[in-house]
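Residues per chain, in single letters:
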Amino acid sequence: ADVGGYFFILGNAALTSLSVPVLADVGGYFFILGNAALTSLSVPVLADVGGYFFILGNAALTSLSVPVLADVGGFFWISDNTALTGLSVPVLADVGGYFKIESNTNLTSLSVPVLADVGGYFNIRLNTA
């Protein structure tokens, strides 16, 4: 399945788990923000995001799975997910804009083994664990 525009999951206080098993492509933004109880996010076949990939301010998030995400046209930004301890994006190769991992205060493991091109800034900071 594809979303031509934006995929937003925003401010759902009781949402604890989100799985989108058939989403393969998002033309605009993939945006998960401020879901205070969200612990698990899985998008197992998402391969391409034409715009921005944002995972921001999900304080309880401990599991983020994007195993086939290969290309992000804009920003790849993971920030302020205070319970997140590990992040692996095993096939991410291209980010057209910024690559930003910041303020995930319990993050101790990060793996982006095939990241080859970042069109803007590469920024990993304030992950204080």
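Up top you'll find the structure we're talking about.
In what follows, the accompanying structure is described.

Conventions used here
Going along each chain's sequence as written, the residues are numbered from 1 onward. Totals for whole chains, interfaces and linings use every residue, but because this is a predicted model, local features are given only for residues with pLDDT of at least 70 and side-chain atom pairs only at 80 or more, for both listing and counting. Values shown for side chains rest on all heavy atoms present in the structure; no hydrogens or waters enter the calculation. A run of DSSP states H or I qualifies as a helix once it reaches four residues; a run of E qualifies as a strand once it reaches two. Both are numbered from the N-terminal end. Residues are treated as being in contact if the distance between any of their heavy atoms lies within 4.5 Å. Two rings belonging to Phe, Tyr or Trp (six-membered ring only in the last case) form a pair when the distance between their centres is within 6.5 Å. Interplanar angles under 30 degrees mark stacking, angles over 60 mark edge-to-face geometry, and anything in between is tilted. Whether a residue is buried, partly exposed or exposed follows from its accessible area with a 1.4 Å probe, protein chains only, as a fraction of its type maximum: under 20%, in between, or over 50%, in that order. At least two DSSP bridges between two strands are required for those strands to pair. Angles here are taken between N-to-C directions and fall from 0 to 180 degrees, while the axes themselves are lines fitted to C-alpha atoms, restricted in helices to the stretch in contact. Salt bridges are counted wherever a side-chain nitrogen of Lys or Arg sits within 4 Å of a carboxyl oxygen of Asp or Glu. Like-charged residues within 9 Å of one another, or nonpolar side chains (Val, Leu, Ile, Met, Phe, Trp, Tyr) within 5 Å, are grouped into patches, provided each residue has over 30% relative accessible area and no salt bridge. Calculation of accessible area relied on Shrake-Rupley with a 1.4 Å probe; when residues are assessed, cover is drawn exclusively from the protein chains displayed.

**Side note on the side chain of Ser103**
Turning to its location among the elements, Ser103 is positioned in the loop between strand S14 (99-102) and strand S15 (109-111). Setting aside chain neighbours within four positions, we find Ser103 in contact with Ser79, Asp80, Asn81, Arg125, Leu126 and Asn127.

**Quick word on the packing of aromatic side chains**
Counted according to the given criterion, the structure contains 17 aromatic pairs. Residues Tyr6 and Phe8 carry aromatic rings whose centres are separated by 5.5 Å and whose planes lie at 90° to one another, so their mutual orientation is edge-to-face. Looking at Phe8, the relative accessible area reads 40%, which means it is partly exposed. The rings of Tyr6, Phe8, Tyr29, Phe31, Tyr52, Phe54, Phe75, Trp77, Tyr98 and Tyr121 are connected pair by pair, giving a single aromatic cluster.

**As for the sheet that holds strand S9 (residues 63-65)**
Strand order in this open sheet of three strands is S3-S6-S9, and the pairing throughout is parallel. Since the sheet does not close on itself, it has two edges, and those belong to strand S3 (17-19) and S9, each with one partner. Mean inter-strand twist for the sheet, computed between neighbouring axes without regard to direction, equals 5°.

**Details of the pattern of salt bridges**
Following the criterion strictly, the structure yields two salt bridges and no others. Sharing partners across several salt bridges, the network here consists of Lys100, Glu102 and Arg125.

**A word on a nonpolar patch on the surface**
Among the surface-exposed residues, Val45, Val68, Val91 and Val114 lie close enough to one another that they form a single nonpolar patch of about 260 Å² accessible area. Here Val91 is to be found in the loop between strand S12 (86-88) and strand S13 (94-95).

**Regarding the pairing of strand S2 (residues 7-10)**
Burial of the side chains of S2 is restricted to one face: Phe7 and Ile9 are buried, whereas none of Phe8 and Leu10 on the reverse face is. Pairing of S2 with strand S5 (residues 30-33), which is carried by four bridges, proceeds in the parallel orientation. Residue pairing in the sheet places Phe7 in a bridge with Phe30 of S5.

**Considerations on the sheet that holds S5**
Ordered in space as S2-S5-S8-S11-S14-S17, the six strands form an open sheet in which the pairing is parallel. A single partner strand is all that each edge strand has here, and the edge strands are S2 and strand S17 (122-125). Each adjacent strand pair in this sheet contributes to an overall mean axis angle of 5°, direction not counted.

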